[in-house]
Amino acid sequence: MIKLDIPKKFYITTPIYYLNGKLHLGHAYTTIVADCFARYYRLLGSDVFFLTGTDEHGLKIQHAALEKNMSIESFLEDIYINVKSLWKELNISYDYFIRTTDKNHIDTVTKIINIMKNKGDIYKGFYEGYYCKSCEAFYTDKDIINNKCPEGHDVFLEKEEAYFFKLNKYQDFLLDFYNKNPSFLKPDKRKNEIINFVKNGLDDLCISRKNVTWGIKLPFDNNFTIYVWLDALFNYVSALGYPDSDNFKKYWPVDFQLMGKEIYRFHTVYWPIFLKSVDLEIPKIEFAHGWWTSEGKKMSKSFGNVVYVQDYIDKYGVDAFRYYVLREISFGEDGSFYKSNFIDRINTDLVANIGNLVSRVTSLAIKRNKEEGFEFYKDEIFVKIVEQKIELIHSLYQSKELTKVVSEIFTLSSIANKYVQDKEPWVLLKENVDEFDKVIYVLLETIRIIAVELSPILTNSWKKILYQLGIDFENKANLKLEFTNICSKKKIIKGNHLFEKIDN
RNA sequence: AGCGGGGUGGGGCAGCCUGGAGUGCCCGUCGGGCUCAUAACCCGAAGGUCGUAGGUUCAAAUCCUACCCCCGCUACCA
């Protein structure tokens, strides 16, 4: 009997995506990873809340809409529909989709910033920077080359009134917080980067924009728009219905926040400080994953190496795509998308390992021609190995070692393949049918476990596996992660191949 | 420039924090086995002075120092 420690609730988020163009591999990757965790904890019976959404304020949105000659509203509506449909195709099981233009979100941010103001964390001062009249934006030193902005316009050093947040006041608090919560900054390799940054001293943060009109107004001074990051970060709070809703009481704080490394600092420096300022609990884990390159190079249209998610889904199916991105990159590291690797992964892991296992075992089972199905049998030694794998996979989920989770599931499948080889059931079928029945039962139940373990990853195929085992996959009782008698007396149904080999 | 990460058999990666025989995984190559299965599955082998040079230690891929090469970050870019 195995025991997994299961969190009562699990609140997981992706960033809200800021889109002035199309979704790319990175967005899909973050969201698939989050979905995989959400599905796993749901499977265990945790009360899961999985949030994603879109960030819809800011100057770039304003400009992008203008360029397309569209109203901001209809520009955003297009993006929203686009994102939702891709998430649907990728089988993303989010519980809520937030848009920062939602009234509820705007109200929340307004409320929050008033609290900060009342606490004395916001003051009025002067912002100095290089201003570009054409872009209507301030730039920092590093953006400026020969007194030109990145777009090539002339810039001028300007000074204007602005509101600031007292970041500096919280510097010591933050360092102390990192110290007391060693699992907050994940993976470990990012820890020092952030700590050093904070130790070098935090300047107060300008949280108002005069030149940006598309955003939330500062409630105490309507001439200004709130800095988009302050706006955006609080989506995680407003999505739950802060402050009085049942959801907020039930799910806050966030258990696991996922993001690309480029926005890690915002989530690990500003964000906890903002929360402290308004006396809210700080999330448990901020996890930055790496970036994808393609064919060993940075993705770009001129190289012609851009990975279009939709193409892969259309050609090879969602499961293959989800599997590849979860398996290929070492979670937290950068990784490279190689088409040839993609094909190899599908052919060796999905087709030859799992697909073939299911195929050979169901074939053997059917050859026995047993209408009434197979009796429960437990091979103690082998089952022990299977149960240890279940526990290992669980602990890997807990420690957020996702790539290892995936590879261990396939190791389990390899172990089952080896069991077939060692027991030679095709011989037993002729010489010892009692033993044959036992071996097959062990294999059927192991395959059931593998299918359940795969359910957060291969969101379609796992159902096909259970169907072939004669098991109702919609009945949650059949999805136990332990060696059980669920497979006993089930009629095996020979189905099509789970995955087709890709020729190349 | 500063800070951080990386350099491991032909390719792609783990391992390094908490030293213990180059350990492991996937692909590829070679040999064998099996015939239930999607030319799939199982076993075995070849192949690495673990970026370079020093140091600590009985013992270093792992700890320390210097250097070389690659890549990130350096804040209000949302």
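Thresholds applied
- Residues numbered from 1 in each chain as written.
- Chains lettered and ligands numbered in written order.
- Predicted model: local features only at pLDDT ≥ 70, side-chain atom pairs only at ≥ 80, totals over all residues.
- Heavy atoms only, no water.
- Pairing = 2+ DSSP bridges.
- Helix = DSSP H or I, 4+ residues; strand = E, 2+ residues; numbered from the N terminus.
- Expected span 1.5 Å × (residues − 1).
- Buried < 20%, exposed > 50% of the residue type's maximum accessible area, 1.4 Å probe, protein only.
- Contact = heavy atoms within 4.5 Å.
- Salt bridge = Lys/Arg side-chain N within 4 Å of Asp/Glu carboxyl O.

A. Summary view of the sheet that holds strand 11 (residues 221-226). Reading across from one edge, 9-11-10 is the order of the three strands in this open sheet, with antiparallel pairing throughout. This sheet does not close on itself; its edge strands, each paired only once, are strand 9 (208-209) and strand 10 (217-218).

B. Broad picture of helix 14 (residues 380-398). Taking 1.5 Å per residue as the helical rise, helix 14 with its 19 residues ought to reach 27 Å, and the 27 Å between its terminal C-alpha atoms agrees with that figure. For helix 14, the set of buried residues is Phe382, Val383, Val386, Glu387, Lys389, Ile390, Ile393, His394, Leu396 and Tyr397. For helix 14, the secondary structure elements touched by its buried residues are helix 1 (25-44), helix 15 (402-423) and helix 17 (433-454). Looking at the residues trailing helix 14, positive phi occurs at Lys400, about 60°.

C. Structural detail: the side chain of Thr362. Considering the arrangement of structural elements, one finds Thr362 in helix 13 (residues 339-367). A residue is classified by how much of its surface remains accessible, and Thr362, at 0% relative accessible area, is buried. Every residue in contact with Thr362, bar those within four places of it in the chain, is listed here: Gln468, Ile492 and Lys494.

D. Looking closely at the pattern of salt bridges. Inspection of every chain in the model, using the stated rule, returns 25 salt bridges. For Asp35, the salt bridge identified is with Arg322, shortest N-O distance 2.8 Å. Here the residue Asp35 occupies a position in helix 1, and Arg322 occupies one in helix 12 (residues 318-328), the gap between them amounting to 287 residues. With a closest N to O distance of 3.4 Å, Asp349 and Arg345 form a salt bridge. One end of the pair, Asp349, and the other, Arg345, are both in helix 13, four residues apart, so they sit about a helical turn from each other. Residue classification places Asp349 among the buried residues on the basis of a relative accessible area of 11%. One connected set of salt bridges, linked through shared partners, spans Asp35, Arg39 and Arg322.

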